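# Geometric and topological summary
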Amino acid sequence: MIYLDNAATSFPKPPAVIAAMVRFQKEVGANAGRSGHRLSIEAGRILFETREGLARLFGIRDSSRVIFGMNATDALNLAIYGVLRAGDHVLTSSMEHNSVMRPLRNLEKAGLQITVLPCSPEGLLDPGDVSRNTRVNTRMCILNHASNVVGTIQPIAEVGRICREKGILFLLDAAQTAGALSFQMADACIDLLAFTGHKALWGPQGTGGLILGAEMDEGRISPIRQGGTGSRSEFEEQPDFLPDRLESGTPNGIGLAGLLAGLNFLQEKGVEEIRRHEMALADRLWRGLSEIPGVTLYGPPNPAHRVAVVSFTLENLSPSEVALRLDEEFGILCRSGLHCAPSAHRTIGTFPEGTVRLSPAYFNTPDEIDSAIQAVAHLAREKPWTNARV
Amino acid sequence: MDQCQGIVLFPSVHFAIKAEKLVRSEGFPAKLIPIPRHLSSDCGVGLRIPWKEKETIGRILAEASVRIEGIYPLEPKGAPGKTLS
């Protein structure tokens, strides 16, 4: 089996991640921040170290500004519903995932104004469009750091600088880039960063969160859930300090223990070194596929402008057919279709059929990439009528 | 020994754990313990420290932007504590 669906969830995980989760459940297991006993404190320490690791990774001094949630979607919902009000205007790009577009479209019915800035066929936003489309009531700009469909990396430093100048909050969807690219929140004037633990941070599913930049006035974001925090229990109002203000209910202790081990793995190997390895694989894949007649590749060809995502279509077979046959006949696991991002597929011209997406990661090998190229070459040689197979 | 001890209270366990790490790294004996009932109805933990080091530790925490609710003497056998602002 060759797993090339790391843009959805990285797999396999580093053994230390699994070991940390087993250790948590066997030896810690308690509720962080709720009781005063040693296991509760140990669980609290694990959460604390995970927050510290994330704060360090993104250059944030105060780790209480790291708010845990279920995943990037959860974090984006907190940022969107917690900040935006009827009558506000929002800028976003045509490359966004439904985790941004669906909450926005829902709020649009309640009076939110939305401008979707079109991107190039390679998925690139022109930062000048942010300035040109700013209104007096523009509250926020939301941008996908790197596309989950084609991997295109957006010019976040320029966009962030423009947002800061114009007094607009900059919310970055870093689902594909947290851990995959080396960047600091302050360098791109990022006010809110939504991340997930289960992709390039090497943690398990069910971990993620929102990080408030140092310049972000925490009073501008309201909780979308209230509840138990283990603090200020005598009061029935939500605490006014972070992280408790925005984080209620028993946290995912076992998941965050795994995420901490993932962060340690990342630090040990180095974000740059992992990227170098992954982009060598992605580039090998891109070059190999580009030589196959009948293959169309999407996104920027230069690997420096992408994360390790390669999207393609075949002339003779539909994306879903390709994905099924890669799985059944070659044991190659990928993702086909629209990747929860219909607007992005419209931008690159692949709506409604979508593409086949292959996304390698650190644990893939050049041999696996070569096998995938050979498998696609085999399918590309078939006559279109084989598509009629039921 | 109890009369020589104090306890630092924090708004949340996040700061309590941060403080413990910080204070220990500066070489002071410090331990997270459940908050005595007479000091707070909260269910969290506080940081037990040597009472004579309260000014130094208070300064270390302030410099690291660790939010605290106060430092109180730990009385033996749950006697009512005196508030120290």
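Structure report, in brief. (Residues numbered from 1 in each chain as written. Chains lettered and ligands numbered in written order. Predicted model: local features only at pLDDT ≥ 70, side-chain atom pairs only at ≥ 80, totals over all residues. Heavy atoms only, no water.)

## Examining the pairing of strand 3 (residues 45-50) of chain B
Residue and element names in this part refer to chain B. Of all the six residues making up strand 3, five are buried; the element is thus mostly covered by neighbouring parts of the structure. Examined bridge by bridge, strand 1 (residues 5-9) and strand 3 share four bridges and lie antiparallel to one another. Counterpart to I7 in the pairing with strand 3 is R48. Note: strand 2 (residues 31-34) against strand 3, four bridges, orientation antiparallel. (Buried < 20%, exposed > 50% of the residue type's maximum accessible area, 1.4 Å probe, protein only. Helix = DSSP H or I, 4+ residues; strand = E, 2+ residues; numbered from the N terminus. Pairing = 2+ DSSP bridges.)

## Observations concerning helix 4 (residues 98-108) of chain A
Those residues of helix 4 of chain A that fall on the buried side of the exposure criterion are N98, S99, V100, M101, P103, L104 and L107 of chain A. Elements in contact with the buried residues of helix 4 of chain A: helix 3 (72-83), strand 3 (89-93), strand 4 (113-117), strand 5 (138-144), strand 6 (169-173) and helix 10 (342-348) of chain A. (Contact = heavy atoms within 4.5 Å.)

## Comments concerning the sheet that holds strand 2 (residues 66-69) of chain A
What links the strands of a sheet is backbone hydrogen bonding, and the strands pair in either a parallel or an antiparallel sense. Residue and element names in this part refer to chain A. The seven strands are arranged 2-8-7-6-5-3-4 in an open sheet whose pairing can be described as mixed. Unpaired on one side and paired on the other, strand 2 and strand 4 mark the two borders of the sheet. Within the sheet, the average angular offset between the axes of one strand and its neighbour, ignoring direction, is 20°. In this structure, strand 2 lies alongside strand 8 (residues 208-212), joined through four bridges in antiparallel fashion. Residue pairing for strand 8: V66 is matched across the bridge by I211. Against the sheet, helix 2 (residues 38-57) engages strand 2 and strand 7 (192-196), with an angle of about 120° to strand 2. Set on the sheet, helix 4 makes contact with strand 3, strand 4, strand 5 and strand 6; between it and strand 4 the angle comes to about 145°. (Axes fitted to C-alpha atoms, helices over the stretch in contact; angles between N-to-C directions.)

## Things to note about the packing of aromatic side chains
All names here are of chain A. One pass over the full model with this rule turns up seven aromatic pairs over all chains. Consider the rings of Y362 and F363, whose centres lie 5.6 Å apart with planes at 75°: the pair is edge-to-face. Owing to a relative accessible area of 33%, F363 belongs among the partly exposed residues under this scheme. Lying over the aromatic face of F351, R346 brings its terminal NZ or CZ to 3.8 Å of the ring centre. (Phe/Tyr/Trp six-rings, centres within 6.5 Å; stacked < 30°, edge-to-face > 60°. Lys NZ or Arg CZ within 6 Å of the ring centre and 35° of its normal.)

## Describing the packing of helix 2 of chain A against helix 1 (residues 13-25) of chain B
Axis separation between helix 2 of chain A and helix 1 of chain B bottoms out at 9 Å; the angle between their running directions is 85°. On the basis of the axis angle, helix 2 of chain A is roughly perpendicular to helix 1 of chain B. Along its contact with helix 2 of chain A, which presents I41, G44, R45, F48, E49 and R51 of chain A, the element helix 1 of chain B presents H14, I17, K18, E20 and K21 of chain B. Its residues placed into classes, the contact of helix 2 of chain A with helix 1 of chain B shows three nonpolar, two polar and six charged. (Parallel < 35°, antiparallel > 145°, perpendicular 65-115°, else oblique. Nonpolar A, V, L, I, M, F, W, Y, C, P; charged D, E, K, R; others polar.)

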